[in-house]
Amino acid sequence: MTIPTHASDASTATDGARSPSLQATRTGLYTPEERRRRDATRWTLVQGILAPVQFLVMAVSVALVIRYLRTSEGLFAANVSVVVKTFVLYTIMVTGAIWEKVVFGKYLFAEAFFWEDMVSMGVIALHTAYLAGLVLHWPPRTLMVLALVAYGTYAVNAIQFVLKLRAARLQEAESLRRAALA
């Protein structure tokens, strides 16, 4: 998900400006107007910071969860790490939805990121199930396995985003190359 950089962009852009009939034809991930909004919003930077932070939090948490599963030690630290990861996930999803609204005119499920958002919903559901299980006192091993399943799903989702954004960069570079040759 890309994120807007200026809150004023969200209020000045109208929904009509994003309507399919008024948008430039999509030849890649972004139309020229969407690219302009993406580059102008502070939410793009926020997403760019939160994404690696979330990955780092997950990596630490995976180590703590696996440590608990192997040794039955460090349950508190493992639980805290999963809760922190979950709240970082919620933060990146809320800010990502704001970014998507600024860039594409929809809070979620914009055409360009539809499948990434679909998998993100599964990731959120799994992390939320972990929190529910923690409150309901599910067995620790069940919680830890659930956390690993949530992290595996998150990894798939992260790969989706990385591949999508890499393809967009390649497309933009090709467009610039073609424009320079014309």
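The rules behind the values
Residues numbered from 1 in each chain as written. Predicted model: local features only at pLDDT ≥ 70, side-chain atom pairs only at ≥ 80, totals over all residues. Heavy atoms only, no water. Core = buried A, V, L, I, M, F, W, Y, C linked by side-chain atoms within 4.5 Å. Buried < 20%, exposed > 50% of the residue type's maximum accessible area, 1.4 Å probe, protein only. Helix = DSSP H or I, 4+ residues; strand = E, 2+ residues; numbered from the N terminus. Contact = heavy atoms within 4.5 Å. Axes fitted to C-alpha atoms, helices over the stretch in contact; angles between N-to-C directions. Left-handed = near helix turned anticlockwise from the far one by under 90°. Nonpolar A, V, L, I, M, F, W, Y, C, P; charged D, E, K, R; others polar. Phe/Tyr/Trp six-rings, centres within 6.5 Å; stacked < 30°, edge-to-face > 60°. Lys NZ or Arg CZ within 6 Å of the ring centre and 35° of its normal. Parallel < 35°, antiparallel > 145°, perpendicular 65-115°, else oblique. Salt bridge = Lys/Arg side-chain N within 4 Å of Asp/Glu carboxyl O.

Engineer: Residue-level account of the nonpolar core, with values.
Structural biologist: Of all hydrophobic cores here, the largest spans 20 residues; its most connected members are Val65, Val82, Leu89, Tyr130 and Met144. When contributions to this core are tallied by element, the ones reaching two or more residues are helix H3 (42-71), helix H4 (75-104), helix H5 (114-135) and helix H6 (140-181). It is H6 that contributes the most residues to this core, seven residues altogether. Ignoring anything within four residues of it in the chain, the contact list for Val82 reads Ser61, Val65, Tyr130, Ala147 and Tyr151. Counting eleven residues, the second largest nonpolar core, distinct from the first, contains Trp43, Val103, Ala112 and Phe161.

Engineer: Pulling in residues and values, what's your account of the environment of Thr142?
Structural biologist: Take Thr142: it is sitting in helix H6. Each C-alpha atom, one on Thr142 and one on Tyr130, is 9.2 Å from the other, the two residues being twelve residues apart in sequence.

Engineer: Give me the packing of H4 against H6: which residues, what numbers.
Structural biologist: Taken N-terminus to C-terminus, the directions of H4 and H6 make an angle of 35°; their axes are 11 Å apart at the nearest point. Considering how the two elements wind past one another, H4 and H6 form a crossing that is left-handed. Between H4 and H6, the residues in contact are Leu75, Ala78, Asn79, Ser81, Val82 and Lys85 and Pro140, Leu143, Met144, Ala147, Tyr151 and Tyr154, respectively. For the contact of H4 with H6, the residue count by class is nine nonpolar, two polar and one charged.

Engineer: Please set out unusual backbone geometry residue by residue, giving values where relevant.
Structural biologist: Phi is positive for Phe109, close to 65°, though the residue is something other than glycine. Position of Phe109 among the secondary structure elements: in the loop between H4 and H5. Judged by its relative accessible area of 26%, Phe109 is partly exposed. For His137, which is not a glycine, the phi torsion comes out positive at approximately 60°.

Engineer: Quick rundown of the packing of aromatic side chains? Include the residues and the values.
Structural biologist: Counted under the stated rule, the structure contains eight aromatic pairs. Seen in terms of ring centroids, Phe109 and Phe114 are 5.7 Å apart; in terms of plane orientation they differ by 55°. Their pairing is tilted. Residue class for Phe114 comes out partly exposed when judged on its relative accessible area of 30%. A connected cluster of aromatic rings, assembled from ring pairs, spans Tyr30, Trp99, Phe104, Phe113 and Phe161. Note that Arg38 overlies the ring of Tyr30, its terminal NZ or CZ placed 4.7 Å from the centroid. Here the guanidinium or amino end of Lys85 rests over the ring plane of Tyr154, the centre of that ring lying 4.1 Å away.

Engineer: So what about the packing of H3 against H4? Which residues, and what values?
Structural biologist: The N-to-C vectors of H3 and H4 enclose an angle of 160°; their axes lie 9 Å apart at closest approach. For the element pair H3 / H4, the angle class is roughly antiparallel. Here H3 runs over H4; the crossing is left-handed. Split by residue class, the contact of H3 with H4 holds 19 nonpolar, eight polar and one charged.

Engineer: Please give an account of the pattern of salt bridges that cites residues and values.
Structural biologist: Following the criterion strictly, the structure yields seven salt bridges and no others. Linking Arg37 and Glu33 is a salt bridge whose minimum nitrogen-to-oxygen distance equals 3.4 Å. With Arg37 and Glu33 both in helix H2 (residues 32-40), this residue pair falls four residues apart, about one helical turn. With a relative accessible area of 3%, Arg37 lands in the buried category. Here Glu33 falls in the partly exposed class, since its relative accessible area comes to 35%. Across the pair Asp39 and Arg38 runs a salt bridge, and its minimum N-O distance is 2.7 Å. Within the structure, one salt-bridge network assembled from shared partners comprises Glu33, Arg36 and Arg37.

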